Structures are given as structure tokens and as C-alpha cells.
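Descriptive structure summary
Chain residues, written in single-letter form:
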Amino acid sequence: MGAKIKGSEILLKALTEQKVDTIFAYPGGNIISVFDVMMDYRDKINQILVRHEQGAAHAAEGYARVSGRVGVAIVTSGPGVTNTITGIADAMLDSTPIVVIAGQAASTALGTDAFQEVDLVGITQPITKWSYQIRRTEDITMAVAKAFYIASTGRPGPVVLDFTKDAQAGLAEYKPYSIDYIRSYIPKTDVSPASIEQAAELIDNCRKPLVLVGQGVELAGAQQELQDFIEKGNLPAARTLLGLSALSSDHPLNMGMLGLHGNAAPNVLTNQADLIIAVGMRFDDRVTGVVANYAKKAKIIHLDIDKSEIGKIVPCDVPILGDCKESLPMLTARIKKNSHADWIKEFAPLAQKEKELVIDKAIAPASGPIKMGETVHQVALQAPDNTVMVTDVGLNQMFAVRYFKYRSRRSIVSSGGLGTMGFAIPAAIGAATGAPERPVIMFAGDGGIQMTMQEFGTIMEYHIPVKMVVMNNHYLGNVRQWQHLMFNDRYSLTHMLSPMYQDIAAAYGFDYIRVEKRQDLEAGIKAMLAAKGPFFLEVVVEDEENVWPMIRPGSDVDQVYYGPQD
Amino acid sequence: MLTKYITDLKTELTMETEKKLYTLIVHSENVAGILNQITAVFTRRQINIESLNVSASSIEGVHRYTITAYATRSEIERVVLQIERKVDVLQCQFFEDSEIFMQEIALFKIITSVMMSNPEVSQIIRKYQANIIEVNPTFSVVEKSGKKDDIMDLNRELAGTGCILQFVSSGRIAITRARIEHVSEYLDKISRRFAKD
Ligand SMILES: Cc1ncc(C[n+]2csc(CCOP(=O)(O)OP(=O)(O)O)c2C)c(N)n1
Ligand SMILES: [Mg+2]
């Protein structure tokens, strides 16, 4: 019989067995014994003390997004773990694999309103893939193995482990646990050859195909398979916000971004297409506009790993269930070479129209205050090809995703489904930790930055070299735009004062530049990119700039509004 | 000048309105908290559960839920997929009434003196083939198993005599008419596929 060790140590051993190399953490009474053991694992696991548990969850997400591995956060019970809820929900909606391990009152005290006891499993069940309470020391290796298996396989997502104090303190032998399968959970089904046949038939015979590329392609690591597929059939493709870096911005078949503030050509032509091939995307309402009028002329082929996505929003003609890294090559092998030249020509005039009515004004304004679009454009011009771009939420996000260029896989980290303001700083910390060899550039607004600014402390302490571009319009700009459009310019509580960012940057020891004039922008960005460590670039942008084009609420996907034209 | 607009939000997907009573049979691992996860799927979609029964199943360690709900076919298909997506759920299937054998059970606590003095009460009990399972000087207990309509008719008729003290009815339980046992087959398939050589 092996020696008995403490539950907390079993946890750490089990985590190293899962090859965990980084933990974002914040201590507290009900997890203190785990932190005690963590001290002995400092050479094996990079341990980052965040400043607020929300930061730990978002950092774990950022880490997972860039690395493709499971992000880990360890926090205390009660308020510690309720602080992570936003990050867990965010990871659920954006299919991000994270494991959040939280302390819990002793199992004997559960249900008594013990100090810092919350019903964590009850709270997190609706926003996790799996949520489990570890009550016995003997169950730890099983729970950890299952947690990582579930978080990372199939459609990835968040898992919560609720770890009672007595299970941490208890003694047991270390018994490694490995998982071949879980009988109630089939992460992916085999691709049906019949569905490939049917789909290929439709693809070979269509005249106006459009491929919708979602984050599923990145999650599957099927970027090359996607490219081979669209190149063989000459199939024009457009990406969702989270799928932006699944296909290079420079690829000739890339027709842009879908959705609310996406590019005109793919949005408009969605309703002209006779075949939609959706790969690893979920027809979010930001993508479809009015669903009843969405892609009515098209047959729909939907490749997804999650059965419950098929037909959820739009009726599907040919579902291809399974991993698109397997199904895409099967399709590629089966379809005929094609050109679709006439159809592809239809995108150019719409792209040209958008360029004239929107893009030129946004990225190369002749005069007036600096614009968000030109800021992002200037950064994109100078950023290395392997840059990871992290965004917050709001206008800054919409401009960032529209005008940045994606040339490497897994290069966008943005909160899509939940739209979480405050995401950027901690997610950038996670991204920089998960991909230390890649530059990380973050775009945020003055509102979002003030939501999780405490994580500057983390950046300072661990010298995390994130480049932070704060586009300050002195407004909660995205909401202000909606107030402008729908509430007669009644800017209720959307004007916002900022602190002296210069002083804040100085307090944390960050290099800082404030750019107010167009002629200083390029140099400011150059200085930022040249800096070794963290850098805070504040760009004072036009107060009331709006983002265009837009599919307005209640509009169909092809009713693109290009903004006011004077 | 920007043209301002106020839009009426069009929301509904399709105009599929016909709602029917569907029976869902769910098999899950025996772990705490699954019931919550299953009912939450209905709650999120604002579908009311008409009845719910939880029991053991023929497979050791596997729990069986029988749930009925009024919904359109596409709603119920979505619900089924969402339930099946839960990690600890083995299988979820939905049925129309023609595809299952189903039963409910009801108990009536009635006033013995009324039953004794009014022969109509016994006639009703016989007519519905209900059983008297307890008689004592103050109250008696009548048990009836069958279809919901029968039970409700019986309830109405007994109520007419003024004898009822309590009435309770179970949720529907159901067994499929199919010749294959889907869950066992699923479990066999899984264990064959993943069995170590
Ligand atoms: C946590 C959270 N609270 C509120 C919102 C709603 N919201 C969306 S965008 C936005 C304004 C963002 O302002 P800012 O960060 O300054 O970015 P800007 O739009 O001005 O670029 C708000 C309040 C949100 N998405 N997330
Ligand atoms: Mg702002």
C-alpha cells in the first residue's frame, strides 16, 4: 500500500498529471490548505495571484483561447467563487475550456449556512458543462480527470470543482485516474459518410455558395482543412467574430466578417446565396438579423460537433455532425473543383461600397479628432503577424475586430456570446501567459478598463508585457450609440469621467503615452510596440463616433445600414 | 442628418403553433442535481412541465424520468437535445401517446359515513373499476389507476356526492411500445466501442 497523503496534495499531483503549467489564483480560508501545497509546486506550475477572482476566470479563458489547453483558476469559497461567475458564464457561451476549482465549507457543515458557504453546484449548473462537488478525498483524482476531459473534449466549456475543506484535509493514497470514456457523454460522433455525400452533392451543384466560418474551426485546429476545402471548391467564406483568425484576413476567398457590425458583402449576399455551409458556428442572433428572413434562398449544410446546435436557430438541410477536422477533409476529397467566378465577383462592388461609405472615413479621416478605426488600422499596420489581439466590449471591440488583420491562428481573444465588459485586461494577462512567445495587444474603452483595472497590479507584479490600447471617447460609447439611434440622443448615464490614466500608469510603473493628435499616433504605436514590458497607450478619440455599417435591430441580414452620409 | 428610426422587433421564427402533449423519457446517471438540470431546460424555454416522475430503471444505477409537457414538435425536439447534452444524461427521447403504454394512479380519501349512506358512491367506484384499499369508521381510501381522463371523471363524479376529503394523482408513467430497448442498446454499443482489448 502506498503512503497516504493529504487531499490538497492529491489535487496538485492530479493537476500536474493533467500537465497544468499555469494557475490563476486567489486564496481564502476554505482553500488555504491547497495554497499551502501550491508553495511546493512553484517550480512545476506558474502561479499567478490576480487581484480579483473575476480576473482569474477571464485570465484562464485568455490562456485557453490562445493555447488550446485548459485554463485553470483556483479560488476560495463563497465570495471568492461567486466573483468568478461572470468568467464561467463567458466561457460557457464562447465554448472556452476552463476548470475553476473552489474551496467549500466542510461537507459536514453543508446546508447550514456555514461561513462562506454557497450552493456552488446549484449556482453554476446552468452555466457550466459540468459542475461537481468533491466531498471525499478518495474522489479527487477521478473528479480532476473528469473535469479536464469534459472541459477539453467535444464542444469545450467550463467545469467547476467544488472542493470541500474536509476532502482537502483528508488522507488517502494517490491513485492515478485515467478516462477512456464517460458512458453518458459522447464528445463527438463519427462523421456519417452519407451526410458527406449529400453535402457534396449540394456543393457541386450550387451556384452561389457561402461558407460561414466559426470558432469551431479554431477549436478543432482545422484551419488548414478549412482552407483546403474552400480552395478546392472556390467557395467564398466569411467569418464570425470569434472565427476571425480561423482564416487569414489576406486569403483571397475571405469575404470579411459576418454580423451586426460585420462587412456588407457577406451580410448582404447571405440572402442571395443558394447554399450556406456553416462550419463550427451557431447562427447567433448578432449574425442572422431577423431569423425568419435569413438566408431564405439557401439550402443549409451545418458542420458542428454539438448536436443541439443543429437546427436550433435555422432549419438545416444537411447536418454533418462530428469534428470538422475530420469532416472537412472528407468533404474536400469528395467535392469537385469549381470556380464560382461570377458569384465571387458579386462581393467586390459591395465591398467597394462599404469602403467608400464607411471604411475610408473610419481609417483615413482627413481631419477632426482621432477615430477608433484609424487607431486600430495603424496598430494593425505595425503589429507582427503572430500578434494576439485581445478586446474588451463596446465600440472599441467592434472597431478592433473590424480593422485588425488576422494572419495567425488563434489570434483573437474577445468576449462574443456574453459580451463581458472588463474582459480585456485579465484575458490579455491570460493570453500573454498562454503564448509567451507572441505579442499581445489589447484594445479597450474607457468604460471597460475601469471595470477590471485592478488587474494592473497583476501585470505589474509579473511583468506581463501586454500592450494596452485604451481608446478614450469619454463615453460608454456603444450604449451611447444606441441611445443616439433609438432614444433621441438622451445620453442617460453614458458620459463617464476617467481618472488621470497617466498617474495610474505611473503608479503601476507602466510606460505610458497619451495621444491626442493624429500626427502623434503612428509614433505612439511604434513606441508601444518597441517597449519590452507592459505599455499603456491612451488614445483620445472622437467623443461621439459611431460604428458602421450596422444591421439595425429588426432588420434583415441584407438590410445593411452604412450610417449617415453627408 | 441621421435618419432616426424606431423599429418593431420581429422575433418569432416560425408560426408553428400546434401544441401537443409529449412524453419524454430520460435516463441518467444516479448523481445529485440532475433533476434541476433537466427542469431548468424547460424553465429556460418557458415550457411548463405537466407531470414528472422519477424512479429507478431496469438498469442498475440508472435513473428514469418520465416527463410530460405541452409543446410544439420543434420545441420538444430542442428540449430533448438540450437535455441530452447534459454530461450525466444517458439518453432523452420523446414520444406521442400512440407510441407508449401509459398509466397514472390516483388516491381518494373519502368520508366513510357518506359512502355508507349513499349507494351512489359505491356504484361510481365499481363503474370506474377503482379499488377500496382502506376502510375505517371515519374515512376510506379509494385507489384508481388508469388514464388521466378516467381519473378526472372519477374525481368529478365522487366530488358530486360530497364524499372527498383528499385527492391526489401521480404523474404519468410510461413504457415504450418499441421492440428495442434504446438505452440498453446505447449502453451496449458504448461499452463495445470503448472496451479495452
Ligand atoms: C459587464 C457589462 N456591463 C454592461 C454592459 C453593456 N455595455 C455594452 S458596451 C458598453 C459601453 C462600453 O463603454 P467603453 O468601455 O467606454 O467602450 P466604448 O463603447 O466607448 O468603446 C456597455 C455599458 C456590458 N456589455 N458588460
Ligand atoms: Mg468609451
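Residues numbered from 1 in each chain as written. Chains lettered and ligands numbered in written order. Predicted model: local features only at pLDDT ≥ 70, side-chain atom pairs only at ≥ 80, totals over all residues. Heavy atoms only, no water.

This part covers helix α16 (residues 347–363) of chain A. All names here are of chain A. Compared with the 24 Å implied by 1.5 Å per residue over 17 residues, the 21 Å span of α16 between its first and last C-alpha is markedly short. The sharpest bend along α16 reaches about 50° and sits at K355. Here the buried face of α16 lies against β9 (209–213), β11 (254–257), α12 (264–270), α15 (341–345), α17 (372–382) and α18 (395–403). (Helix = DSSP H or I, 4+ residues; strand = E, 2+ residues; numbered from the N terminus. Expected span 1.5 Å × (residues − 1). Bend = angle between axes of the 7 residues up to and from the residue. Contact = heavy atoms within 4.5 Å.)

Residues and elements named next belong to chain A. The interhelical angle for the contact between helix α1 (residues 7–17) and helix α7 (residues 140–152), taken along N-to-C directions, is 35°, at an axis separation of 9 Å. Judged by the twist between their axes, the crossing of α1 over α7 is right-handed. Of the residues in α7, those in contact with G7, I10, L11, A14 and L15 of α1 are I140, T141, V144 and F148. The class makeup of the residues in the contact of α1 with α7 is seven nonpolar, two polar and no charged. (Axes fitted to C-alpha atoms, helices over the stretch in contact; angles between N-to-C directions. Left-handed = near helix turned anticlockwise from the far one by under 90°. Nonpolar A, V, L, I, M, F, W, Y, C, P; charged D, E, K, R; others polar.)

Another aspect to go through is the coordination of the magnesium ion (ligand 2). Residue and element names in this part refer to chain A. Donor atoms from the polypeptide that coordinate the magnesium ion (ligand 2) comprise D446 (OD), N473 (OD1) and Y475 (O), at 2.1 Å from the metal. Taken in sequence order, the residues that donate to the magnesium ion (ligand 2) follow the motif D-x26-N-x1-Y. The pair formed by N473 and Y475 is uniform in burial state, with each residue classed as buried. (Donors = N, O, S within 2.8 Å, 3.2 Å for Na, K, Ca; no water. Buried < 20%, exposed > 50% of the residue type's maximum accessible area, 1.4 Å probe, protein only.)

Bringing the pattern of salt bridges into the picture now. On inspection of all chains with the given rule, the structure shows 36 salt bridges over all chains. Here E225 of chain A ties to K325 of chain A by a salt bridge, and the two come within 3.0 Å at their closest N and O atoms. Of this pair, E225 of chain A sits in helix α11 (residues 223–233) while K325 of chain A sits in helix α14 (residues 324–334); the two residues are 100 residues apart in sequence, bridging distant segments of the chain. Salt bridges sharing partners connect three or more residues here, namely R155, D306, E309 and K312 of chain A together with R85 of chain B. (Salt bridge = Lys/Arg side-chain N within 4 Å of Asp/Glu carboxyl O.)

With that settled, consider the interface of chain B and chain A. Chain B puts 34 residues into the contact, and the matching count from chain A is 35 residues. Interface area, chain B with chain A, both sides summed: about 3,100 Å², of which 52% is carbon and sulfur. Across the contact surface, chain B and chain A share four salt bridges. Residue D306 of chain A pairs with R85 of chain B through a salt bridge whose shortest N-O separation is 2.9 Å. Listed by contribution, the elements that provide at least two residues to the side of chain B that touches chain A are α1 (34–44), α2 (73–84), β4 (89–95) and α6 (182–194) of chain B. Of all the elements, α6 of chain B adds the most residues to the side of chain B that touches chain A, at six residues. (Buried area = accessible area lost by both parts, 1.4 Å probe.)

With that out of the way, let us pick up the packing of α17 of chain A against helix α24 (residues 518–530) of chain A. The description of two helices packed together rests on the angle between their axes and the distance between the axes. Residues and elements named next belong to chain A. Here α17 crosses α24 at 45°, and the two axes come no closer than 10 Å. Relative to α24, the element α17 lies oblique. Handedness of the crossing formed by α17 with α24: right-handed. In contact with E374, T375, Q378, V379 and Q382 of α17, α24 contributes R518, L521, E522, I525, K526 and L529. (Parallel < 35°, antiparallel > 145°, perpendicular 65-115°, else oblique.)

Moving on, we come to the sheet that holds strand β3 (residues 62–71) of chain B. Across a sheet, strands are paired by hydrogen bonds formed along the backbone, either parallel or antiparallel in direction. All names here are of chain B. Spatially, four strands are ordered β2-β3-β1-β4 in an open sheet, and the strand pairing comes out antiparallel. Sheet topology places β2 (49–56) and β4 at the edges, where each strand pairs with a single neighbour. Each neighbouring strand pair of the sheet contributes to a mean axis angle of 15°, computed without reference to strand direction. One ladder, built from 10 bridges, connects strand β1 (residues 20–29) with β3; its direction is antiparallel. If you follow T23 over to β3, its bridge partner there is T68. Sitting on the sheet, α6 touches β1 and β4, and the angle it makes with β4 is about 145°. (Pairing = 2+ DSSP bridges.)

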